[in-house]
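Read off the chains here:
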Amino acid sequence: MKPDVAARKKPSSKRASLGQEIATTPPTGGDMAFLHTTLCQVGLPRSKTSGREYQRRSGSDWLIVRAGSLDMGDGKGPVEQAIPYGAMPRLALAFISTYAKRYKTREVPIGDSAYEFLKLIGTAKDGNMPSKTGYKMLQTQLHALAACHMQLGNGKGLTINTQIAKKFQVWAGNAEQPGLWPGVLTLDIDYYDALLEGGVPLDQRALMALSGSALALDVYCWLAHRLHRIEGRSLLLRWASLRDQFGQDYTGPEADKNFKKKFLPALEKVLEVYPQAKVKRASGTGGGLMFFPSAPPIAKT
């Protein structure tokens, strides 16, 4: 079934090439990534948020993120951190979760420098040093991720109270200074245990292809988690439901219209690197999309 989601745009040559590779070359062990089940259903904020708490709900799954504090090593006590947002903490979470699940360890090496970590999560290449803005964004987002507190619920009576990092050494200085980079992040035991029990397998190649868009990453992770679990012939979601899932920040009389303008291009990108996904436009009042049972990005073994 060919996806019929929007007027076709010429895909980027890099993403089209990756999509072809994914369609024709089964993933190897190194291509497999993982993310916690609830975080595939309800993700972190995609843009900067005000306040110290963020809540999202999708179906029976829900997530609460509370901003935390870190000791910055200056003897002045705890410093409040922001709530993590955007693509970078999503990629960092996928890398950290993948390493922990693959090697059954809470001690996750995160490179010898900020530049090395950017290479590990796929946002920097050899010889391509991050800008001052990119480096500062990594510093801000990784500090925020390490400091935040999370509550995850699945609607079945289970609530997980956790932090991502049990122990984390902050850093300062420039991107290349290994002496000022933490090197290792120690996962909180509750998050680690929950990850081992509920990690969704993803294709690392697809994550890299979508690394520039937090929305595309969210759509990919949701489809990877949801499509192979559809019961019956199809699942119909109207635009209002899709906006509730992915665009809760869109409000007002033209909320659905504005949301579609952002969502459909992101979905196009996702379908290029998730060729097994079967999605098409829905007809009739309310519009929306129809999702069909599809093979997951990583075949079950």
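Fair warning: this is a prediction, and the values are worked out from it, not measured in the lab.

Caption draft 1: Representation of helix α3 (residues 87-103). With 17 residues, α3 ought to run about 24 Å at 1.5 Å a step, and its terminal C-alpha atoms sit 24 Å apart, in line with that. The buried fraction of α3 amounts to 14 of the 17 residues, a majority that puts the element mostly inside the structure. Just past α3, the residue K104 takes up positive phi, approximately 50 degrees.

Caption draft 2: Examining the sheet that holds strand β9 (residues 165-167) more closely. Sheet architecture is open: 3 strands sit in the order β6-β10-β9, paired in antiparallel fashion. Of all the strands in the sheet, the pair left with one neighbour each is β6 (107-109) and β9. For this sheet, the mean angle separating the axes of adjacent strands, direction not counted, is 50 degrees. Where β6 meets strand β10 (residues 184-187), 3 bridges bridge the pair, whose relative direction is antiparallel. Paired with V108 across the two strands is L185, which belongs to β10. The strands touched by α3 within the sheet are β6 and β10, with β6 carrying the most contacts at an inclination of about 125 degrees.

Caption draft 3: View of the sheet that holds strand β8 (residues 159-163). The strand order across the open sheet formed by 4 strands is β2-β3-β7-β8, and the pairing between neighbours is antiparallel. Across the chains shown, the open sheet's two edge strands, defined by having one partner strand only, are β2 (53-58) and β8. Across the sheet, the axes of successive neighbouring strands diverge by a mean angle of 15 degrees, strand direction being ignored. Summarising the sheet, strand β7 (residues 149-153) and β8 pair through 5 bridges and their orientation is antiparallel. Looking at β8, one finds that L152 is bridged to I160.

Caption draft 4: Local environment of the side chain of T38. Residue placement: T38 occurs in helix α2 (residues 37-41). T38 gets classed as buried once you look at its relative accessible area, which sits at 6%. Apart from residues no more than four positions distant in its own chain, T38 is found in contact with D61, W62, L152 and G153.

Caption draft 5: Quick peek at the pattern of salt bridges. All told, the structure shown has 10 salt bridges when counted by the stated rule. Of the charged contacts, one joins R205 and D31 as a salt bridge, the two residues approaching to 3.9 Å between their closest N and O atoms. Of this pair, R205 sits in helix α7 (residues 204-209) while D31 sits in the loop between α1 (13-24) and β1 (32-36), placing them 174 residues apart in sequence. No difference in accessibility class separates R205 from D31, as the two residues are buried. A salt bridge links R90 to D218; the nearest nitrogen and oxygen atoms lie 2.7 Å apart. Taken together, the positions of R90 in helix α3 and D218 in helix α8 (residues 214-226) put the pair 128 residues apart, joining distant regions of the chain. With respect to burial, R90 and D218 carry one shared label: buried. Because the salt bridges share partners, they merge into one network encompassing E21, D31, D203 and R205.

Caption draft 6: How the structure looks around the pairing of β2. A one-sided burial pattern is seen for β2, the buried positions being Y54, R56 and S58 and the unburied ones E53, Q55 and R57. The sheet contact formed by β2 and strand β3 (residues 61-66) spans 6 bridges and is antiparallel. For Q55, the partnering residue across the bridge sits in β3 and is I64. From the end of β2 to the start of β3, which pair antiparallel, there are 2 residues, and G59 there has a positive phi angle of about 60 degrees.

Caption draft 7: Up close: the environment of P109. By the element assignment, P109 lies in strand β6. The spatial distance from the C-alpha of P109 to the C-alpha of I96 is 8.5 Å, given a sequence separation of 13 residues. The contact partners of P109, leaving out residues within four places of it in the chain, are F95, Y99, L120, G183 and V184.

Caption draft 8: Molecular detail of the side chain of Q151. Here Q151 is to be found in strand β7. Here Q151 falls in the buried class, since its relative accessible area comes to 18%. Within the structure, the side chain of Q151 is placed 3.1 Å from the side chain of R66, a separation counted as a polar contact. Among the polar contacts made by the side chain of Q151, one reaches the side chain of N161 at a distance of 2.5 Å. The residues contacting Q151, other than those within four sequence positions of it, are W62, L63, I64, R66, T159, I160 and N161.

Caption draft 9: Region of the structure containing the pairing of β3. Strand direction decides the pairing type here: β3 and β7, joined by 5 bridges, are antiparallel. Across the sheet, the residue bridging to R66 is H149, located in β7.

Criteria and cut-off values
Residues numbered from 1 in each chain as written. Predicted model: local features only at pLDDT ≥ 70, side-chain atom pairs only at ≥ 80, totals over all residues. Heavy atoms only, no water. Helix = DSSP H or I, 4+ residues; strand = E, 2+ residues; numbered from the N terminus. Expected span 1.5 Å × (residues − 1). Buried < 20%, exposed > 50% of the residue type's maximum accessible area, 1.4 Å probe, protein only. Pairing = 2+ DSSP bridges. Axes fitted to C-alpha atoms, helices over the stretch in contact; angles between N-to-C directions. Contact = heavy atoms within 4.5 Å. Salt bridge = Lys/Arg side-chain N within 4 Å of Asp/Glu carboxyl O. Polar contact = N/O pair within 3.5 Å; in protein donor to acceptor, adjacent residues only side chain to side chain.

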